[in-house]
Amino acid sequence: LKQVESVGSQVGGEMYLNSLLAIGLSLALMAVYVGLRFRFKLAFGAVVSLVHDVLFTVGAFAIFGWPFDLTVLAAVLALIGYSLNDTIVIFDRVRENFRKLRKADPLEIVDISLTETLRRTFMTAGTVVVVLVALLWLGGPALQWFSVALLIGTFAGTYSSIYIATNYALMMGLDKEDFIEKPKAELVEEETFD
């Protein structure tokens, strides 16, 4: 016997509330970041996608009765960053294509953007899966549940970046006006009538 851990009910309840607070705060800050970098419609899609990833991963642990400890919480928080990065790559391409392809409709632009980023998304997910399988196999019991959580989350994050984030943005009415640069007030010359 190398190590014994026990957590009392009060400490366990405190850890539960702190983990919910950490996840909620990270989701809220991610929404603010995406909202500032893009538009609210895309931020809403990104947050729905991130909530999906968290619920999918935590739900798998709840369904199978696997232990949820601090390493799994760290994996869930890392998953939020991974999934958001994947979603932002797609949103960058959507923004770029809205500015390039002015005559295409939003659904066509999103479809083109997803097609252009699909290879990169799958290659990134594949690389992460290879590393996580190595961690699961060679990392020992200390990294077992961390690796399992990230494996599940990588699958959910890849799926949600492609199918959920962009679909919610389209459902919110994403269109060309969301990406048109408006001139700043000080750059617009005032007309004077003499």
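Coordinates for the structure precede this section.
Residues numbered from 1 in each chain as written. Predicted model: local features only at pLDDT ≥ 70, side-chain atom pairs only at ≥ 80, totals over all residues. Heavy atoms only, no water.

**Some points on the overall build of the protein**
Right, so step 1: Per the secondary structure count, the protein includes 5 helices and 0 strands.
Right, so step 2: Beginning at the N terminus, the succession of helices and strands in the protein can be written as α-α-α-α-α.
Right, so step 3: Classification of the 194 residues of the protein by burial places 35% in the buried group.
Right, so step 4: When contacts within the protein are restricted to residue pairs at least 6 apart in sequence, those whose partners lie at least 24 apart make up 78%.
Right, so step 5: Roughly 12,100 Å² of accessible area belongs to the protein as shown, and the carbon and sulfur atoms make up 65% of that amount. (Helix = DSSP H or I, 4+ residues; strand = E, 2+ residues; numbered from the N terminus. Buried < 20%, exposed > 50% of the residue type's maximum accessible area, 1.4 Å probe, protein only. Contact = heavy atoms within 4.5 Å. Areas by Shrake-Rupley, 256 points an atom, 1.4 Å probe, with all protein chains shown as cover.)

**Section: the nonpolar core**
Right, so step 1: Grouped together as the largest cluster of nonpolar side chains are 27 residues, with contacts concentrated most on Ile23, Val34, Leu42, Phe91, Val94 and Leu174.
Right, so step 2: The element contributing the most residues to this core is helix H3 (residues 70–100), with 9 residues.
Right, so step 3: The residues touching Ile23, leaving out its near neighbours within four places in the chain, are Val54, Leu73, Val76, Leu77 and Ile80. (Core = buried A, V, L, I, M, F, W, Y, C linked by side-chain atoms within 4.5 Å.)

**Considering the pattern of salt bridges**
Right, so step 1: All chains considered together, the criterion is met by 5 salt bridges.
Right, so step 2: The closest approach of N and O atoms between Asp86 and Arg120, which form a salt bridge, is 3.0 Å. Here Asp86 is found in helix H3, whereas its partner Arg120 is found in helix H4 (residues 106–138), with 34 residues between them in sequence.
Right, so step 3: Residue Arg120 is classed as partly exposed on the basis of its relative accessible area of 30%.
Right, so step 4: With a shortest N-O distance of 3.9 Å, Lys100 and Glu96 are connected by a salt bridge. You can see Lys100 and its partner Glu96 sitting in helix H3, 4 residues apart, about one turn around the helix. (Salt bridge = Lys/Arg side-chain N within 4 Å of Asp/Glu carboxyl O.)

**Topic: H4**
Right, so step 1: Its 33 residues place the ends of H4 46 Å apart at the C-alpha level, agreeing with the 48 Å of an ideal helix rising 1.5 Å per residue.
Right, so step 2: When the local axis directions of H4 are compared, the greatest deviation, roughly 45°, occurs at Thr117.
Right, so step 3: Those residues of H4 that fall on the buried side of the exposure criterion are Ile109, Val110, Ser113, Leu114, Thr117, Thr121, Ala125 and Leu132.
Right, so step 4: Turning to H4, the residues buried within the fold contact H3 and helix H5 (141–171).
Right, so step 5: Gly140 sits one or two residues past H4 and shows a positive phi near 80°. (Expected span 1.5 Å × (residues − 1). Bend = angle between axes of the 7 residues up to and from the residue.)

**A word on the environment of Trp66**
Right, so step 1: Along the chain, the position of Trp66 falls in the loop between helix H2 (40–64) and H3.
Right, so step 2: Of the residues examined, Trp66 reaches a relative accessible area of 27% and is grouped as partly exposed.
Right, so step 3: The spacing of Trp66 and Trp145 is 79 residues in sequence and 8.2 Å in space, taken between C-alpha atoms.
Right, so step 4: Other than its neighbours up to four places away in sequence, Trp66 contacts Ala60, Phe61, Trp145, Val148 and Ile152.

**Here's the deal with the packing of aromatic side chains**
Right, so step 1: Counted according to the given criterion, the structure contains 9 aromatic pairs.
Right, so step 2: Taking the centre distance of 4.9 Å and the plane angle of 25° together, the rings of Phe64 and Trp66 count as stacked.
Right, so step 3: When the centroid spacing of 5.4 Å and the interplanar angle of 35° are considered together, the rings of Trp66 and Trp145 count as tilted. With a gap of 79 residues between them, Trp66 in the loop between H2 and H3 and Trp145 in helix H5 connect regions that are remote in the sequence.
Right, so step 4: Chaining the aromatic ring pairs together yields one cluster made of Phe61, Phe64, Trp66, Phe68 and Trp145. (Phe/Tyr/Trp six-rings, centres within 6.5 Å; stacked < 30°, edge-to-face > 60°.)

**Brief notes about the packing of H4 against H5**
Right, so step 1: Interhelical geometry of H4 versus H5 gives an angle of 180° and a closest axis separation of 10 Å. Our classification of the angle between H4 and H5 gives roughly antiparallel.
Right, so step 2: Here the residues of the contact of H4 with H5 are counted per class, giving 19 nonpolar, 6 polar and no charged. (Axes fitted to C-alpha atoms, helices over the stretch in contact; angles between N-to-C directions. Parallel < 35°, antiparallel > 145°, perpendicular 65-115°, else oblique. Nonpolar A, V, L, I, M, F, W, Y, C, P; charged D, E, K, R; others polar.)

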